[in-house]
Amino acid sequence: MTSYTPAQQEAIDCLDEPLQIIACAGSGKTQVISQRIAKLLAQPGVEPRNIIAFTFTEKAAAELKDRVLGIVAKEQGEVIGLAEMYIGTMHGYCLDLLQRLVPETFKFSALTDITTRLLVDRNSKQSGLTNCPTLPPAQQKTLRRYTNSPLFVQAMNVLREDTVDEAQVPDGVRQSFASYMGLLYNKRHFDFTEMINLAVQYLEDDSDDDPDVKAVQDHIRDDIRYLVVDEYQDVNPVQERLIQGLIRHGANLCVVGDDDQTIYQWRGSQVSNIVTFANRYDGVRQVTLADNFRSSKGVVELGRSIAERIPFGGRLPKRMVSAENQTWERGDLLALEFGDSAAEAAWICDRIEEMRGMPFQDAPGAEPRGLSWSDCSVLFRSVSRDADPLVEELKKRGIPYVVKGLNRLFESPEIQAVVGIFRFMVRQITDADLLRLWRTANLLPDGHDWAAAIDVLERGRDFDSGERFGVYNIQRVYLEFLEKLRLREETVPGHEGRAELVFYQLGKFSQVISDFEEIYFNTAPTTKYESFVGWLEHQRPTTTRSRMPMSATPLLTPSRSRPCTRLRACNGPSFSSRACARIGFRPSGTVGSACSTSSRRQRSRTLTDTAEQLRTRRAYSTSR
């Protein structure tokens, strides 16, 4: 049976009071949450469908699910209905809620960050992008297609995720916002923000004549009894409103987090949510998990000393201590300065090579093992801006590496070779050029059949064959080309371990294709492939957020000096009047004035106070 510290046990046993678990890094919070959920399920009358647990990532949700199921199986045996307990992200919950209970949204699809940008670029005028004004207009009057689309989408998110003084939003920005929302609903799409935003509208509505409102709120009132929110320090205002909407009928709330670990402020998170939690809710019990079981004493002392520099009142009182079995000596942590970035990269690579094979004990009593390449990580504030010297040094030394996300994916020779497939299909390069790319990338396996692979592309670029558009599926061409080339993980040439890295890259490119085809699938074949190549060359998807220079900012001025007001969006002609009212549309298609706080229907999107999120109006970039 798992042994818990007194603080951990106190958190597990607190079931009926509002609970704030202040969980320092490495303090075993996932195990504590899992055990608490299992204990809730053991209470008389509590069913799995009565519990919601929010995590910030799907990976964290998978780990939490696995632990809960393991504990329940061990302590309680078979429990009926576990599949009805929700453990996952807020976005996933809201999408499920809407698609189960609100008929108007049954057929809506969920966009990713990349597909949202693709939608905006493909419909640049309809989306409001190219009509959105900037400051100062003398340099660039409106935002530009492709160049500013990621920043335009970020602005549209800001206008729904926080509270904005309507008087500070210029008419041009309102019209662009209305156009963007109209495009989403007419195309029947949800972006990440709208999933939560629309769900919040239903949770906050007090009208009696809307059957959809009744269905949602009856479900919340009758079924939801316990809500657990992990990483609470990173919730933004609209997510906080979601939490309040879910507990408005009396559900117990437990939040877990650490204000010292706030990392998502660029997404609009407000650390004040966790700092002031006990003051905003009645009868809160606070439990601090201060024992760090993950890090050595040196790491813990360093982290704590930095956190304690935050001015009084800006953080919750706590004193993290190390409970890790790893020994620590002075010199294990270094603060170094280098003459240039090349010297820094060389030192990092030296260190990685020195540590490879070093004995390491994973757990008390375990046999030491040698550290491997995959035990090493390098963190950057911005991979796109700062990682060049290290990447070059890793390549030069033959140290295998993976850049997480889509950053730098298209700089790898393997993906440059793959992009060449589609450049060949639109006749930008010859088959000889393509072969040279694949040889340079060292991707041709022994016994490969280049002629058969090229035949796939020749047939694929016969765009006038008169067949159905589905024949020109980009993903199908990509996978068939790899198959005819006989490229599989076990046939990838090169050093040991390279095959896994190559197929990791090829898999990420496959996801890029899927994102593109979600928006362009029914496009005429010639246009589809030309657009795909152009997108890969000029709008390569990354996970990096652009910033806007002060010389060219969007025409938005943040302010916290006035109360929140609400704007209505544009007309959605394909929806009924009731649906239009729900999603913030007006049948006239015009932009309306703010609703009063006493209005019966305050369902339109909330424009937000953007003082923190716009970062002094640098949230967009209009520079090429």
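Check the entry above for the structure.
The structure reproduced in this document is the subject of the present report. (Residues numbered from 1 in each chain as written. Predicted model: local features only at pLDDT ≥ 70, side-chain atom pairs only at ≥ 80, totals over all residues. Heavy atoms only, no water.)

Under the counting rule described, the total for this entry stands at 23 aromatic pairs. Over the aromatic face of Tyr-520 sits the side chain of Arg-122, whose NZ or CZ is 4.9 Å from the ring centroid. (Phe/Tyr/Trp six-rings, centres within 6.5 Å; stacked < 30°, edge-to-face > 60°. Lys NZ or Arg CZ within 6 Å of the ring centre and 35° of its normal.)

This part covers the packing of helix H17 (residues 413-425) against helix H22 (residues 525-538). Working note: a packed helix pair is described by the angle between its axes plus the distance between those axes. For the pair H17 and H22, interaxial distance at closest approach is 9 Å and the crossing angle is 140°. One finds that H17 runs oblique with respect to H22. Classified by chirality, the crossing of H22 by H17 is left-handed. Here Val-419, Phe-422, Arg-423 and Met-425 of H17 lie close against H22, whose contacting residues are Tyr-529, Phe-532, Val-533, Leu-536 and Glu-537. (Axes fitted to C-alpha atoms, helices over the stretch in contact; angles between N-to-C directions. Helix = DSSP H or I, 4+ residues; strand = E, 2+ residues; numbered from the N terminus. Parallel < 35°, antiparallel > 145°, perpendicular 65-115°, else oblique. Left-handed = near helix turned anticlockwise from the far one by under 90°. Contact = heavy atoms within 4.5 Å.)

Here the focus is the pairing of strand E2 (residues 51-54). Side chains Ile-51 and Ala-53 of E2 all project onto a buried face; the interleaved residues Ile-52 and Phe-54 project onto the opposite face, where all are buried too. Note: E2 against strand E7 (residues 226-229), four bridges, orientation parallel. Bridge pairing links Ile-52 to Leu-227 in E7. Sheet topology note: the E2/strand E3 (residues 86-88) ladder contains three bridges and is parallel. By the bridge assignment, Ile-52 is partnered in E3 with Tyr-86. Considered for its hand, the β-α-β crossover made up of E2, helix H3 (residues 58-76) and E3 is right-handed. (Buried < 20%, exposed > 50% of the residue type's maximum accessible area, 1.4 Å probe, protein only. Pairing = 2+ DSSP bridges. Right-handed = clockwise from strand over helix to strand, strands pointing away.)

This next bit is on unusual backbone geometry. Positive phi values are uncommon outside glycine, yet Tyr-146 reaches one of about 70°. Relative to the elements of secondary structure, Tyr-146 occurs in the loop between strand E5 (134-135) and helix H6 (149-161). You can call Tyr-146 partly exposed: its relative accessible area is 35%. Despite not being glycine, Arg-486 has its phi angle at roughly 65°, a positive value.

Shape descriptors only; they carry no functional weight alone.
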